[in-house]
Amino acid sequence: MPRSIVAGIGMYVPKNVYTNQDLTRYMETSDEWIQERTGIQARHYADRLGETTATMGIEAAKIAIERAGITPQEIDFIIFATLSPDYYFPGCGVIVQREMKMKEIGALDIRNQCSGFLYAISVADQFIKSGMYKNILVIGSEKHSFGLDFTTRGRNISVIFGDGAGAVVLQPTAEEGRGILSTHLHSDGESAEILAMYNPGTHGNRWGHFADFNDAEIGEAFMSEAMIEKAQNFPNMNGPAVFKKAVVKFPEVIMEGLQANGLQTSDINMLIVHQANLRISQMIQKLLRLSDDKVYNNIQRYGNTTAASVPIALCEAWQEGKIKKGDLVCLAAFGSGFTWASALIRW
Ligand code: UT7
């Protein structure tokens, strides 16, 4: 069975940079609070009209495809991970297919939020191992800035997220030992609502999370005025609860990957975890006893870009020469769902 290698990788971040200080114009917050709690100094926001999740994904994809030494017409399958699609439906994959003038290939959208990219490469890996496809384009892209509550009410979330995209082309390799060694996917829906955007949605309060709405308001529409008034059209998060779970599940799923391959933490050459919070990344690093040169973080400059965060960090680390052929690269993510995942790649 062939293994999948990353044949090409690319990233794109919009040009508009918003520092923590910039955000103080819209809400009660401070550079000090944001840096101390998250490590974030700045994030990029897409142009409100010109740029979308799909267009950013396409920019990253163009670079990945060129670096893989192929053309868009040679891509056999698209997997697009995002929580902020251009349309509620259809997904962004078909927009990529159309705009990049690809053949009438399959296009799959993945909705696994922060672990979306990990789920996406796991799916792609299975298609490659089975021999079904040879060139799979995997994109993680987010335009968070379109849908955040930039008032003080939403500050625990809005200061964290940023926009951007990353992409890889996965291909089979005949080279012994190289490629994706294994992927490990998990979920626990018990806490589905503690990091979620409820509307627009079909829930009709079936899960009982809208005590302050009456049935008429809930039943009124897919997204009613009452919902907008009560900020139910924005993401909600119980940050401390997510934090506590993340610092347990990240090391667990990394160790699961290492054990499945008979490897140890000391074998890792580069660890890239979903950029959720610098404090989370540092706690994982400490637990795994990894030195600074074996961990790559860029949340300071981009904030949390959800499905895009792992491929953006992977791309930057590779561009900076921090990942070389033969290195053991460990990727891991945790987020809304909860879902979490890891992947080990012999580069
Ligand atoms: O990528 C998806 C997965 N997401 C995560 O992994 C996020 C995990 N959670 C976190 O990163 C952290 O919980 C946050 C960064 C979101 C928040 O940090 P925290 O240390 O857990 O703060 P907190 O939510 O407990 O809030 C502490 C205080 C509160 O005020 P009081 O009640 O103590 O008076 C908040 O209202 O900080 C206040 N606060 C803010 N103050 C200034 C919340 N957001 C802000 C803000 N600026 N932006």
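Just so it is clear, the model here is predicted, and its values are computed rather than measured. (Residues numbered from 1 in each chain as written. Predicted model: local features only at pLDDT ≥ 70, side-chain atom pairs only at ≥ 80, totals over all residues. Heavy atoms only, no water.)

Looking at the domain arrangement of the protein chain
Frequently, the measure chosen for interface size is the accessible area that the parts lose on association.
1) Next: Annotation of the protein chain at the domain level lists domain 1 (3-173), domain 2 (179-191 + 237-346) and domain 3 (202-233).
2) Next: Measuring from the centre of the C-alpha atoms in domain 1 to the corresponding centre in domain 3 gives 29 Å. (Domains from an automatic or database assignment.)

Considerations on the packing of helix α9 (residues 239-260) against helix α10 (residues 278-288)
1) Next: Where α9 meets α10, the closest approach of the two axes is 10 Å, and the angle between their N-to-C directions is 40°. By the angle class used here, α9 and α10 are oblique. In this structure, the crossing between α9 and α10 has a hand that is right-handed. Contacts between α9 and α10 involve Phe243, Ala246, Val247, Phe250, Pro251, Ile254 and Met255 from the former and Arg279, Ile280, Met283, Ile284, Leu287 and Leu288 from the latter. (Axes fitted to C-alpha atoms, helices over the stretch in contact; angles between N-to-C directions. Helix = DSSP H or I, 4+ residues; strand = E, 2+ residues; numbered from the N terminus. Parallel < 35°, antiparallel > 145°, perpendicular 65-115°, else oblique. Left-handed = near helix turned anticlockwise from the far one by under 90°. Contact = heavy atoms within 4.5 Å.)

Side note on the site of the ligand
1) Next: In the neighbourhood of the ligand, 22 residues make up the surrounding shell, with Thr29, Arg37, His274, Asn277 and Asn304 lying closest.
2) Next: Between the ligand and arginine 37, the relevant distance is 2.8 Å, taken from an oxygen atom to a side-chain nitrogen or oxygen of the residue.
3) Next: The side chain of asparagine 304 places a nitrogen or oxygen atom 2.6 Å from an oxygen atom of the ligand.
4) Next: Protein contacts shield 73% of the accessible area of the ligand, which totals 950 Å² for the unbound molecule. (Near = heavy atom within 4 Å. Polar contact = N/O pair within 3.5 Å; in protein donor to acceptor, adjacent residues only side chain to side chain. Areas by Shrake-Rupley, 256 points an atom, 1.4 Å probe, with all protein chains shown as cover.)

Let's talk about unusual backbone geometry
1) Next: In the segment running from phenylalanine 89 into proline 90, the intervening peptide bond is cis, with an omega of 0°.
2) Next: Between asparagine 199 and proline 200 the backbone carries a cis peptide bond, its omega angle lying at 0°.
3) Next: Its place among the elements puts proline 200 in the loop between β9 (195-196) and α7 (215-220).
4) Next: One non-glycine residue, lysine 101, adopts positive backbone phi at about 50°.
5) Next: Relative to the helices and strands, lysine 101 is located in the loop between α4 (92-99) and β5 (106-110).
6) Next: In the Ramachandran plot, asparagine 205 falls in the positive-phi region, its phi being about 60° despite a non-glycine side chain.

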